[in-house]
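What the coordinates show
This is what each chain is made of:
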Amino acid sequence: MPRSKKGKRGSSKPGSLRQEVLQLQLSAKASLKGAKNGMKGESAASDDELTSDILSHYSSASETASVLEEGTGGEQVDEQTAQEETEDKLKQCIDNLLDKSAKTRLAALESLRLAFSSRVLYDFLTERRLTVSDCLERSLKKGSGEEQAAAATVFALLCIQLGGGDEAEEGFKMLRPILTAILIDSSASIAARQSCARALGMCCYVSAAEDGEDLIKSLALLESVFMSSYPNREGTLPTPKPGSSGLHSAALQAWSLLVTLCPASRLTVLLDLHLPKLQVCLQSSDVNYRIAVGETIALLVELGREIDEDFEVDDSESLCECLKSLATDGNKHRAKNDRRKQRSIFREVLHYIENEDFTEERIRFGVENVYIDSWMRRRSYDAFKEILESGVRHHLQFNPLLRDIYGLGAPLILDAAVKGNKISRFEKHLFNSAAFKARTKQRSKARDKRADVM
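Reading guide: rules and limits
Residues numbered from 1 in each chain as written. Predicted model: local features only at pLDDT ≥ 70, side-chain atom pairs only at ≥ 80, totals over all residues. Heavy atoms only, no water. Helix = DSSP H or I, 4+ residues; strand = E, 2+ residues; numbered from the N terminus. Contact = heavy atoms within 4.5 Å. Areas by Shrake-Rupley, 256 points an atom, 1.4 Å probe, with all protein chains shown as cover. Salt bridge = Lys/Arg side-chain N within 4 Å of Asp/Glu carboxyl O. Buried < 20%, exposed > 50% of the residue type's maximum accessible area, 1.4 Å probe, protein only. Axes fitted to C-alpha atoms, helices over the stretch in contact; angles between N-to-C directions. Parallel < 35°, antiparallel > 145°, perpendicular 65-115°, else oblique. Left-handed = near helix turned anticlockwise from the far one by under 90°. Nonpolar A, V, L, I, M, F, W, Y, C, P; charged D, E, K, R; others polar. pLDDT = per-residue confidence, 0-100. Phe/Tyr/Trp six-rings, centres within 6.5 Å; stacked < 30°, edge-to-face > 60°. Lys NZ or Arg CZ within 6 Å of the ring centre and 35° of its normal. Patch = residues over 30% accessible without salt bridge, like charges linked within 9 Å, V, L, I, M, F, W, Y side chains within 5 Å. Lys, Arg positive; Asp, Glu negative; His and termini not counted. Charge placed at Lys NZ, Arg CZ, Asp CG, Glu CD. Expected span 1.5 Å × (residues − 1). Polar contact = N/O pair within 3.5 Å; in protein donor to acceptor, adjacent residues only side chain to side chain.

1. Observations concerning the overall build of the protein
Within the protein, the secondary structure is distributed over 20 helices and 4 strands. A separation threshold of at least 6 residues defines the contact pool for the protein, and within that pool the share at least 24 residues apart is 71%. Here the protein displays about 20900 Å² of accessible surface, and carbon together with sulfur accounts for 47% of that area.

What follows is the structure, encoded as structure tokens:
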């Protein structure tokens, strides 16, 4: 794997180090800007400052990879002191999750979301995973809809941070019942239910991917949500309730992420059950749900073709005609941006169904690249991007879980000092984590293991 000459900071001049640190701080501030604009009041402002401090203290190589400089005089801050200050601020955010004020709890959740999505904090969180999980469970059980939605997102980030090992699986088993209860509660906030659907899919994907029983339960639960959008016996689509299309989209996308982990025997059943119904759902009145349905159809066809080279969709001519109509939709009643987005996605879906063509995408981060060259990879990357947002590239660069999923190997250590101090911890985590085996569909051994359970 290529190494950047600029990465050898041991031989760099002090000026170049200061410049690199400045770039890191500017990057962190940029990622926070959008979130800050939506928060008001002294409590929110002070918590944003707390998060900004947290992000500025963490290096881009690991939790404590570089020495930071503060003040106009350019005095160097001791690395250990910087780490302790940062951890103190994170601890305060965690303590604030138990505050009596809902406003303070929401601000703490937002601060943790930004910190978890922007940096790899495995060592810090491993020691406090039960405390954080307890706090999140409290927010999920007793908080408002907004607090429940935020807590579910932070929990998904926690599972990604813990790397999909035993620690993440422990947390998933602990919070899965409350996530499930909120998801199927028709009286709960739509935003909270959507967030729980995404969290359930992601946490199962990274934490319990090799547990066939957990996989089946999660698939069935998510199916129960989006199948309410399926046509009735007469082939007519139900009239969607306000906000239900967004919930159906979230559940369908989480379900399709987990489908990529299913063994061939289970996939055959799912294809026969869902493909005909999903084709009818392409006529949904909601553009985002139509797009989610189209991408899921392409994914299922790709999985079917992996099982059987001669796999064909029933009534493929009708499907292609519908896709062509959506790919060239000029309906003036639809918003211009919606039409543009829909046409782009459905052109890709149509080309894949007809010719097995997939538009490859290259994601650059640091000195590396990852190629999105299949619908399976696109579904997993989109799922991580939705939760990690702008931090997805940082996690691709340094999070062993994502690097394992996309076949990138151990994180590149470009700093000699960091290599000497931290590589053993990364390696230990990478090779000891049982969940780093067979994460995606391409890993056939895990599929065979799950097939026995299913």
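After presenting the structure, the write-up continues.
2. What about the pattern of salt bridges?
Summed over all chains, the structure comprises 14 salt bridges. Between arginine 113 and glutamate 110 there is a salt bridge, with its nearest N and O atoms 2.8 Å apart. Separated by 3 residues within a single helix, arginine 113 and glutamate 110 lie in helix H4 (residues 102-118), roughly one turn from each other. For arginine 113, a relative accessible area of 13% gives the class buried.

3. Focus on the packing of helix H11 (residues 244-259) against helix H12 (residues 264-281)
Between H11 and H12, whose axes approach to 13 Å, the crossing angle comes to 150°. The angle between H11 and H12 falls in the class roughly antiparallel. For H11 against H12, the interelement crossing comes out left-handed. In this structure, H11 contributes Leu252, Trp255 and Val259 to the contact, and H12 contributes Leu267, Leu270, His274 and Leu278. When the residues that make up the contact of H11 with H12 are grouped by side-chain class, the tally is 6 nonpolar, 1 polar and no charged.

4. Here's the deal with the confidence of the model for the protein
With 72% of its residues at a pLDDT of at least 70, the protein reaches an overall mean of 80. In this model residues 1-18 is a low-confidence stretch, pLDDT under 50, and it forms 23 contacts with partners more than four residues away in sequence or in other chains.

5. Comments concerning the packing of aromatic side chains
In total, this model carries 6 aromatic pairs according to the counting rule given. Centre to centre, the rings of phenylalanine 384 and tyrosine 406 are 6.5 Å apart; their planes meet at 70°, and the pair counts as edge-to-face. Highlighted residues: phenylalanine 384 in helix H16 (residues 375-388) and tyrosine 406 in the loop between helix H18 (400-405) and helix H19 (416-432), separated in sequence by 22 residues. One exposure class covers both phenylalanine 384 and tyrosine 406, and it is buried. When the ring centre of tyrosine 352 is taken as reference, the NZ or CZ atom of arginine 305 above it lies at 5.0 Å. Taking NZ or CZ as reference, arginine 378 lies 4.9 Å from the ring centre of tryptophan 375, over its face.

6. Observations regarding a negative patch on the surface
A surface patch of like charges, here negative, comprises Asp78, Glu79, Glu84, Glu85 and Asp88. Its location among the elements puts aspartate 78 in the loop between strand E2 (75-76) and helix H3 (79-96).

7. A word on unusual backbone geometry
Positive phi is not limited to glycine here, since aspartate 315 has a value of about 55°. Summarising the element assignment, aspartate 315 is placed in the loop between helix H13 (287-307) and helix H14 (316-327). You will see that glutamate 356, though not glycine, has its phi angle at about 60°, which is positive. If you trace the backbone, glutamate 356 turns up in the loop between helix H15 (336-355) and strand E3 (361-365).

8. Overview of helix H9 (residues 190-207)
Under the 1.5 Å per step criterion, the end-to-end length of H9 is 25 Å for 18 residues, consistent within 8% with the ideal 26 Å. For H9, the tally of buried residues reaches 15 of 18 residues, placing the bulk of the element in the interior. One side-chain oxygen at the N-terminal end of H9 lies 3.2 Å from the backbone nitrogen of alanine 191; it belongs to serine 189.

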